[in-house]
Amino acid sequence: MLADTHAQDSHAAAATHAAAALDSVLAAFASLGYPREVVTQWSIPATDAADLVAELRAALAGNPAPRILEVGTFVGTSALVMLLAIPGAVVHTVDPDFPLEVEFDAMHCGFRDANLARTTHEIAAAAAELLGVRDRLVLHRGGFATEATFAGRSATVPAIGSRLAAEHGPFDAAFVDGLHFEDAVLADARLAAASVKP
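Reading the values: the criteria
Residues numbered from 1 in each chain as written. Predicted model: local features only at pLDDT ≥ 70, side-chain atom pairs only at ≥ 80, totals over all residues. Heavy atoms only, no water. Helix = DSSP H or I, 4+ residues; strand = E, 2+ residues; numbered from the N terminus. Buried < 20%, exposed > 50% of the residue type's maximum accessible area, 1.4 Å probe, protein only. Contact = heavy atoms within 4.5 Å. Areas by Shrake-Rupley, 256 points an atom, 1.4 Å probe, with all protein chains shown as cover. Pairing = 2+ DSSP bridges. Axes fitted to C-alpha atoms, helices over the stretch in contact; angles between N-to-C directions. Arc of directions from axis to C-beta. Core = buried A, V, L, I, M, F, W, Y, C linked by side-chain atoms within 4.5 Å. Lys, Arg positive; Asp, Glu negative; His and termini not counted. Salt bridge = Lys/Arg side-chain N within 4 Å of Asp/Glu carboxyl O. Polar contact = N/O pair within 3.5 Å; in protein donor to acceptor, adjacent residues only side chain to side chain. Patch = residues over 30% accessible without salt bridge, like charges linked within 9 Å, V, L, I, M, F, W, Y side chains within 5 Å. Charge placed at Lys NZ, Arg CZ, Asp CG, Glu CD.

**Q** Give a description of the overall build of the protein that names residues and reports values.
**A** On a plain count of helices and strands, the protein comes out with eight helices and four strands. The secondary structure elements of the protein, listed N-terminal to C-terminal, are α-α-α-β-α-β-α-α-β-α-β-α. Residue burial in the protein is summarised as follows: out of 198 residues, 45% are buried. Taking as baseline every contact in the protein between residues at least 6 positions apart, the subset at least 24 positions apart corresponds to 66%. About 9700 Å² of surface is accessible on the protein, with carbon and sulfur atoms providing 55% of the total.

**Q** If you had to explain the sheet that holds strand E1 (residues 67-71) to someone new, which residues and values would you point to?
**A** The four strands lie next to each other as E3-E2-E1-E4, forming an open sheet whose pairing is parallel. Edge positions in the sheet fall to strand E3 (137-141) and strand E4 (173-176), since each of these pairs with one other strand and no more. Ignoring strand direction, the axes of neighbouring strands in this sheet form an average angle of 20°. Pairing between E1 and E4: four bridges, direction parallel. Residue isoleucine 68 lies in a different strand from E4, and its bridge partner there is alanine 173. Those strands touched by helix H8 (residues 182-194) are E1 and E4, and its axis lies near 170° from that of E4.

**Q** Any details on helix H7 (residues 161-168)? Residues and values, ideally.
**A** Among all positions of H7, only Gly161, Leu164 and Ala165 are buried. When H7 is viewed along its axis, its buried side chains cluster within an angular range of 95° and face the same direction. In this structure, H7 carries Ser162, Ala166 and Glu167 as exposed residues pointing more than 90 degrees from its buried face. Elements that come into contact with the buried residues of H7 comprise E1, strand E2 (90-95), E3 and H8.

**Q** Could you give an account of the nonpolar core, with specific residues and numbers?
**A** Nonpolar side chains in soluble globular proteins tend to end up buried together. The biggest cluster of nonpolar side chains holds 43 residues, and the ones touching the most others in it are Phe29, Leu56, Ile68 and Leu80. Elements supplying a minimum of two residues to this core: helix H1 (2-31), helix H2 (36-39), helix H3 (46-59), helix H4 (77-85), helix H6 (120-131) and E4. Dropping the residues within four chain positions of it, leucine 80 is found in contact with Val25, Phe29, Ala124, Ala127, Ala128, Leu131, Val133 and Leu137. Listed in part, the eight residues of the second largest apolar core include Leu69, Phe144, Ile160 and Phe171.

**Q** Account for the side chain of glutamate 70, naming residues and giving values.
**A** The residue glutamate 70 is located in strand E1 in this model. No salt bridge is formed by the buried glutamate 70, whose closest oppositely charged neighbour, arginine 134, lies at an N-O distance of 11 Å. Polar side-chain contacts of glutamate 70 include one of 2.6 Å to the side chain of threonine 93. When near neighbours in sequence (up to four residues on either side) are disregarded, glutamate 70 contacts Ser78, Ala79, Met82, Val91, His92, Thr93, Val94 and Phe175.

**Q** For a negative patch on the surface, give the residues involved together with the corresponding values.
**A** There is a patch of like negative charges on the surface, built from Asp48, Asp51, Glu55 and Asp177. Inspection of the secondary structure assignment puts aspartate 177 in the loop between E4 and H8. Taking the relative accessible area as the measure of exposure, aspartate 177 reaches 30% and is therefore partly exposed.

**Q** An account of the side chain of serine 43 is requested, with residue identities and associated values reported.
**A** For serine 43, the location among the structural elements is in the loop between H2 and H3. The exposure class assigned to serine 43 is buried, which follows from its relative accessible area of 13%. Sequence-distant contacts of serine 43, defined by excluding residues within four places in its chain, comprise Leu26 and Thr77.

This is how it looks when you write it as structure tokens:
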């Protein structure tokens, strides 16, 4: 019973940290011209952010400088939440880094009242700078285990996961939220698992 209470308290604390981090991240995007109500349509939901932070904190307890692999940056919401909620963490994140207009067209997002020529990594880097975590965010351009993208066959990118893992791994943890097609998720998950310390 005591262990259950401790786990609940730990998850509650992680949820509080995740909520505060997500609020700060959304405020940074809003200051860059990407409103909260638009970003929340395609960013990590608050409950998922709380679960992510709780799981990472438990898995990385005692590690003062964990190295986290993220597959699927988009504009960096999850990466920035991890960086704010897990002090000392460094996040290596990989994404095709297309202009936001390409991504929005692929998602059928009607929002057009911001600079859509900026790439997803440019937006992530600008938000990270505002939040004071740019030095711990490492952006990698490409696909992870697959060349496929949300934008379709006309917009493929090189798969860089094996090279990224060889040059920057092994990692202490991985979060896979890239291309949401079954084959791509499986390939990304397998390569990410092989890139994490046993």
